[in-house]
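Chain residues, written in single-letter form:
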Amino acid sequence: MPPSEPGSPPVLNLWKAGLDAVPPEVWRRADWEVLILADNALTEIPAALGRLRALHTLDLGHNSLTAVPDEIGELAGLTRFLYLHDNRLTALPGTLSRLDRLGYLNAGENPLGRLPAALGEMAGLVELRVQKAELTELPESLGRLGRLRELWLGGNALTALPGSLAALRELRVLELRDNALPHVPEALRTLPLLRRIDLRGNRIAELPPWIARLPSLEKLDLRWNTVADGAETVRTLRERGCVVLT
């Protein structure tokens, strides 16, 4: 990687650059605002990452990372996007809790198994994606993400959602496809702005009557469950203009 020229834009794009290690030159400039290291063969990120406090966007997706350094919590300027998806992460660092202005986090396609309670401190999150992460449960702390508009949890092994999610009053999109839910989660009944719910590929046989009273619901995907197409609640939703797929 050639050294950065003075006055060059504070964006470094090393997407698909064939890297198995981050070039040392990356850390010699502290004013990067965007750093893209996606689609390489990286197995680790040095603690020097914590120096890049001007970053608002960081893309580490599609690598072979087994850990993220705790120093990621020092990136106070990280307010837009953080991509950690499609790596080999077995845990997320608790220091993510310091990124309380970050708007978007994608940590999916990692063998996480669980999410840290610290995620509930990330108060700025508008969109959270943790798909295909081997999750069997969610921390109650997620109910503190009061700005969250989209929550993507497909391809896990969830059998329930925590009751605290009833506090996500800004939630518009909830993706839960390919989990193991036996019922529509009760926590959803109090979400006034919820527009789209994806429940494909779960174990749901009946719909609760309250789902027809969700005021903003526009689309409900129930394919690959056992809910009858002619169920009364399905008919009620369709009559009010909601798209219901069974």
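Cut-offs used in this document
- Residues numbered from 1 in each chain as written.
- Predicted model: local features only at pLDDT ≥ 70, side-chain atom pairs only at ≥ 80, totals over all residues.
- Heavy atoms only, no water.
- Helix = DSSP H or I, 4+ residues; strand = E, 2+ residues; numbered from the N terminus.
- Buried < 20%, exposed > 50% of the residue type's maximum accessible area, 1.4 Å probe, protein only.
- Contact = heavy atoms within 4.5 Å.
- Areas by Shrake-Rupley, 256 points an atom, 1.4 Å probe, with all protein chains shown as cover.
- Lys, Arg positive; Asp, Glu negative; His and termini not counted.
- Charge placed at Lys NZ, Arg CZ, Asp CG, Glu CD.
- Pairing = 2+ DSSP bridges.
- Axes fitted to C-alpha atoms, helices over the stretch in contact; angles between N-to-C directions.
- Salt bridge = Lys/Arg side-chain N within 4 Å of Asp/Glu carboxyl O.
- Phe/Tyr/Trp six-rings, centres within 6.5 Å; stacked < 30°, edge-to-face > 60°.
- Lys NZ or Arg CZ within 6 Å of the ring centre and 35° of its normal.
- Core = buried A, V, L, I, M, F, W, Y, C linked by side-chain atoms within 4.5 Å.

**Considering the overall build of the protein chain**
Secondary structure summary: the protein chain contains one helix and eleven strands in total. Listed N to C, the secondary structure of the protein chain is β-β-β-β-β-β-β-β-β-β-α-β in terms of helices and strands. In terms of overall dimensions, the protein chain has C-alpha extents of about 65 × 30 × 25 Å along its principal axes. When each of the 246 residues of the protein chain is scored for burial, the buried share is 52%. Of the contacts made within the protein chain by residues no fewer than 6 positions apart, 29% connect residues no fewer than 24 positions apart. Accessible area of the protein chain: about 11,300 Å², with a carbon and sulfur share of 49%. Taking the average location of the 29 positive side-chain charges in the protein chain and that of its 31 negative ones, the two points are 5 Å from each other.

**Considerations on the sheet that holds strand β6 (residues 127-129)**
On the basis of which strands lie adjacent, the open sheet formed by eleven strands has the order β1-β2-β3-β4-β5-β6-β7-β8-β9-β10-β11 and parallel pairing. Two strands bound the open sheet, and with one partner strand each, they are β1 (11-13) and β11 (243-245). Going across the sheet, the axis of each strand differs from the next one's by a mean of 5 degrees, ignoring polarity. Where strand β9 (residues 196-198) meets strand β10 (residues 219-221), three bridges bridge the pair, whose relative direction is parallel. When the sheet's bridge partners are listed, Arg-196 is paired in β10 with Lys-219.

**Here's the deal with unusual backbone geometry**
Of note, the phi angle at His-62 is positive, near 60 degrees, even though the residue is not glycine. Residue position: His-62 is located in the loop between β3 (57-59) and β4 (81-83). Taking relative accessible area as the criterion, His-62 reaches 29% and is therefore assigned partly exposed. Residues other than glycine seldom take positive phi values, yet Asp-86 does so here, at roughly 55 degrees. Here Asp-86 is to be found in the loop between β4 and β5 (104-106). Look at Asp-86 and you get partly exposed, because its relative accessible area is 27%.

**Overview of the pattern of salt bridges**
Going through the model one piece at a time under the given rule, you end up with eleven salt bridges. Between Glu-186 and Arg-189 there is a salt bridge, with its nearest N and O atoms 2.5 Å apart. A residue is classified by how much of its surface remains accessible, and Glu-186, at 45% relative accessible area, is partly exposed. Overall, the relative accessible area of 39% leaves Arg-189 in the partly exposed class. Between Arg-200 and Asp-221 there is a salt bridge, and its shortest N-O distance comes to 3.3 Å.

**What about the packing of aromatic side chains?**
Scanning the entire structure with this criterion turns up three aromatic pairs. Ring geometry for Phe-81 and Tyr-83: centres 6.0 Å apart, planes at 10 degrees, overall stacked. Three or more aromatic residues joined by ring pairs make a cluster, and in this case those are Phe-81, Tyr-83 and Tyr-104. The aromatic ring of Trp-152 is capped on one face by Arg-129, whose charged end is 4.0 Å from the ring centroid.

**Topic: the nonpolar core**
Among the nonpolar cores identified, the biggest contains 75 residues, and Leu-58, Leu-82, Leu-128 and Ile-211 are the most heavily contacted of them. The residues touching Leu-58, leaving out its near neighbours within four places in the chain, are Leu-35, Leu-49, Ile-72, Leu-75, Leu-78, Phe-81, Leu-82 and Tyr-83.

**As for the environment of Gly-113**
You can see Gly-113 is positioned in the loop between β5 and β6. For Gly-113, a relative accessible area of 29% gives the class partly exposed. Here the alpha-carbon distance between Gly-113 and Ala-133, two residues 20 residues apart in the chain, equals 6.2 Å.

**Some details on the side chain of Glu-175**
Counting through the fold element by element, Glu-175 comes out in strand β8 (residues 173-175). The side chain of Glu-175 sits in the buried core without any salt bridge; Arg-177 is the nearest counter-charge, 4.6 Å away. For Glu-175, the contacting residues outside a window of four places in its chain are Gln-131, Leu-151, Trp-152, Leu-153, Gly-154 and Asp-198.

Purely spatial values, then, with no claim about function.
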